Amino acid sequence: MTAARPGLSLRQRSVIPGFGLTFGLTVTWLSLIVLIPLAALVLKTTELSFERFIAIVTAPRTLHALGVSFGISFAAALVNAVFGTLVMWALVRYDFPGRRLVDAIVDVPFALPTAVAGISLTALYAENGWIGSLLAPLGIKVAFTPLGILIALIFVGLPFVVRTVQPVLADLDKQYEEAAASLGASRAQTVWRVVLPTIWPALLTGFALAFARGVGEYGSVIFIAGNMPNVSEIAPLLIVVRLEEFRYADATAIAVVMLLASFILLFVINRLQQWTEQRTSER
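Everything quoted here is computed from the prediction, not taken from an experiment. Sequence order as written defines residue numbering, which begins from 1 separately in each chain. Confidence filtering applies because this is a predicted model: local features only for residues at pLDDT of at least 70, side-chain atom pairs given and counted only at 80 or more, and all residues used for totals across whole chains, interfaces and linings. As a rule here, side-chain values come from all non-hydrogen atoms in the structure, and water together with hydrogens is ignored.

Draft legend 1. Inspection of the overall build of the protein chain at higher detail. Labels follow the DSSP assignment, with helices taken as runs of H or I lasting at least four residues and strands as runs of E lasting at least two, numbered in each case from the N terminus. Counting its secondary structure elements, the protein chain contains 13 helices and zero strands. Along the protein chain, from the amino end to the carboxyl end, the secondary structure elements read α-α-α-α-α-α-α-α-α-α-α-α-α. Radius of gyration: C-alpha atoms only; globule rule: 2.2 Å multiplied by the number of residues to the exponent 0.38. Against the 2.2 N^0.38 benchmark of 19 Å for 283 residues, the protein chain shows a C-alpha radius of gyration of 24 Å, more extended than a compact globule. Principal-axis analysis of the C-alpha atoms gives the protein chain an extent of 90 × 65 × 30 Å. Burial classes: relative accessible area under 20% of the type maximum marks a residue as buried, over 50% as exposed, and values in between as partly exposed (1.4 Å probe, protein chains only). Here the protein chain holds 283 residues, and 35% of them are scored as buried. Carbon and sulfur atoms make up 68% of the accessible area of the protein chain, which totals about 17100 Å². Between the centroid of the 20 positive side chains of the protein chain and the centroid of its 17 negative side chains there is a distance of 6 Å. Only the protein chains shown count as cover for residues, and all accessible areas are computed by the Shrake-Rupley method using a 1.4 Å probe. The charged-residue count follows a simple rule in which Lys and Arg add positive charge and Asp and Glu add negative charge, with His and chain termini not counted at all. By convention, charge coordinates are those of NZ in Lys, CZ in Arg, CG in Asp, or CD in Glu.

Right, here's the structure in full:
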C-alpha cells in the first residue's frame with residue numbers, strides 16, 4: 001500500500017460545491033441584517049448605568065405596557081390553542097362543502113397587512129360597527145379597550161396553531177383510534193389518551209409561536225387598542241412613543257427587554273420543535 005505523501009491534506013472535500021463561499025455569504029448577510037443591528041441595540045443600552053436601566057424598565061408606565069403585551073398575548077395564545085385545535089380537527093377529520101375555502105381562509109392573517117387587519121377589526125368592533133353595535137347594548141365595549149387587543153392577537157395568532165398541529169394530526173393513523181374503540185374506549189377517552197398525547201408537542205409549539213407573534217405585534221393592535229397609557233398601551237407602541245419624544249435611552253432599554261424575551265421564546269420554540277420531531281420519529 002502506498003504511503004500518504006507528506007504535506008497531503010487529510011481534510012475531506014465537501015460534497016456541497018462552493019460550501020465555503022456560500023457559508024461566508026450567509027454569515028455576512030445574516031450579520032448585516034440581523035446580528036449587527038441587534039448588537040448596536042445592546043451597545044446603545046450599555047451607555048446607561050445599571051440603576052438608570054432598572055429605573056426605566058420598572059417605571060409604572062413601562063411595567064404596565066409590558067404586562068399588557070405579555071399578559072394579553074398569553075391569553076390570546078391560550079384561546080388560539082383551544083379554538084385553533086377545533087378548527088384544525090374539523091379541517092382534517094371532516095369533509096364538508098367549502099372545506100378548501102375554509103382551509104385557505106385560515107392563512108389570511110399571514111398575507112393580510114397588519115394595518116389592514118387593525119382597521120377592519122376596529123370598524124367591526126367599534127360601537128357603531130356591525131359587531132360592536134350588537135355588543136354595546138350588553139355593556140360590552142371591544143374597540144379601544146384591552147379586549148380589542150385580545151381580539152386582534154387572536155386574529156393574527158390563529159394560523160400558527162392550526163398550521164403547526166394540522167400535519168401532525170393528518171399523519172396520525174386512524175387505526176390507533178379504531179383500536180382504542182375496539183377495546184371499549186369512548187370517543188372522549190380516545191381523544192384524551194390517543195390523539196392528544198400525539199399532537200401535544202405540536203400544540204405547545206403552536207401556542208409558543210402564537211404567543212411570540214402576539215408579543216411583537218404592532219400594526220393590527222394600535223388601531224383597535226385605543227393606546228391609552230396605563231390602560232391599553234402595548235410595549236412596542238411605548239418604544240415608538242419614546243423615540244418620538246427623543247428619549248432614546250428609554251426606548252432602547254425597553255427594546256432590550258423585548259429582545260431578551262424574544263430570545264427566550266425562540267429557545268423554547270426550538271426545544272419544542274425538537275421534542276416534536278423526536279416524538280414523531282419514535283412513533
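Draft legend 2. Layout of the nonpolar core. If you look at the biggest cluster of nonpolar residues, it comprises 37 residues, and the most contacted ones within it are V165, L169 and I199. With sequence-adjacent residues up to four places away left out, I199 is seen in contact with T85, M88, V165, V168 and L169. Counting 19 residues, the second largest nonpolar core, distinct from the first, contains L121, A126, V156 and A225. Among buried residues, the Ala, Val, Leu, Ile, Met, Phe, Trp, Tyr and Cys ones that are joined through side-chain atoms within 4.5 Å form a nonpolar core. Contacts were defined at the residue level, with two residues in contact if any of their heavy atoms lie within 4.5 Å.

Draft legend 3. Spotlight on the confidence of the model for the protein chain. Scored by pLDDT, the protein chain comes out at a mean of 85, with 91% of its residues at no less than 70. When the elements of the protein chain are averaged for pLDDT, helix α9 (residues 174-182) gives the smallest value, 76, and helix α3 (residues 60-93) the largest, 93. pLDDT gives the predictor's per-residue confidence on a scale running from 0 to 100.

Draft legend 4. Molecular detail of the packing of aromatic side chains. Centres within 6.5 Å make a pair out of two Phe, Tyr or Trp rings, where for Trp the six-membered ring is used; the pair is then stacked when the planes are under 30 degrees apart, edge-to-face when over 60, and tilted otherwise. Inspection of the entire model under this criterion finds five aromatic pairs. Their ring planes at 90° and their centres at 5.4 Å tell us that F74 and F207 sit as a pair that is edge-to-face. Of the two residues, F74 is situated in helix α3 and F207 in helix α10 (residues 187-216); the sequence distance between them amounts to 133 residues. Looking at F74, the relative accessible area reads 40%, which means it is partly exposed.

Draft legend 5. Seen up close, the packing of α9 against α10. At a minimum axis distance of 10 Å, the contact between α9 and α10 shows a crossing angle of 130°. Comparing their axes, α10 and α9 come out oblique. Relative to α10, α9 is oriented so that their crossing is right-handed. Residue-level contacts link Y176, E177, A180 and A181 of α9 to R187, T190, V194 and V195 of α10. Here an axis means a line fitted to C-alpha atoms, over the contact stretch when the element is a helix, while the angle between two N-to-C directions is reported on a 0 to 180 degree scale. For classification, angles of less than 35 degrees are called roughly parallel, those exceeding 145 degrees roughly antiparallel, those between 65 and 115 degrees roughly perpendicular, and all remaining angles oblique. With the far helix as reference, a near helix turned anticlockwise by less than a right angle produces a left-handed crossing, and one turned clockwise produces a right-handed crossing.

Draft legend 6. Structural detail: unusual backbone geometry. Even without glycine at this site, N230 takes up a positive phi of about 65°. Here N230 lies in the loop between α11 (219-225) and α12 (235-244). Positive phi outside glycine occurs at F246, with the angle close to 60°. Assignment of secondary structure puts F246 in the loop between α12 and α13 (248-282). With a relative accessible area of 62%, F246 lands in the exposed category.

Draft legend 7. Main features of the pattern of salt bridges. Here a salt bridge means any side-chain nitrogen of Lys or Arg lying within 4 Å of a carboxyl oxygen belonging to Asp or Glu. As enumerated under the stated definition, the model contains nine salt bridges in all. A salt bridge links R242 to E245, with the shortest nitrogen-to-oxygen separation between them at 2.9 Å. In this structure R242 comes out as buried when scored by relative accessible area, which is 7%. When the shortest N-O distance is used, the salt bridge between E245 and R247 registers 3.5 Å. Taken together, the shared-partner salt bridges connect R52, R242, E245, R247 and D250 into one network.

Draft legend 8. A nonpolar patch on the surface, seen in detail. Within the patch definition used here, like charges are joined within 9 Å and nonpolar side chains (Val, Leu, Ile, Met, Phe, Trp, Tyr) within 5 Å, considering only residues with over 30% relative accessible area and no salt bridge. On the surface, a cluster of nonpolar side chains totalling about 690 Å² of accessible area is made up of W29, L30, L32, I33, V34, L35 and I36. Along the polypeptide, L30 turns up in helix α1 (residues 19-45). Residue class for L30 comes out partly exposed when judged on its relative accessible area of 42%.

Draft legend 9. Just the environment of L112, in detail. Following the sequence through the fold, L112 ends up in the loop between α5 (108-111) and α6 (114-125). Between the alpha carbons of L112 and V102 there is a distance of 16 Å; along the sequence they are ten residues apart.

Draft legend 10. Examining α6 more closely. With twelve residues, α6 ought to run about 16 Å at 1.5 Å a step, and its terminal C-alpha atoms sit 16 Å apart, in line with that. Residues of α6 that are buried: A117, G118, L121, T122 and Y125. Down the axis of α6, the smallest arc covering the buried residues is 130°, so these residues share one side. Buried residues belonging to α6 abut α7 (132-135), α8 (146-171) and α11. Multiplying one less than the number of residues by 1.5 Å gives the expected span of a helix. Here the arc refers to the set of directions running from the helix axis out to each C-beta atom.

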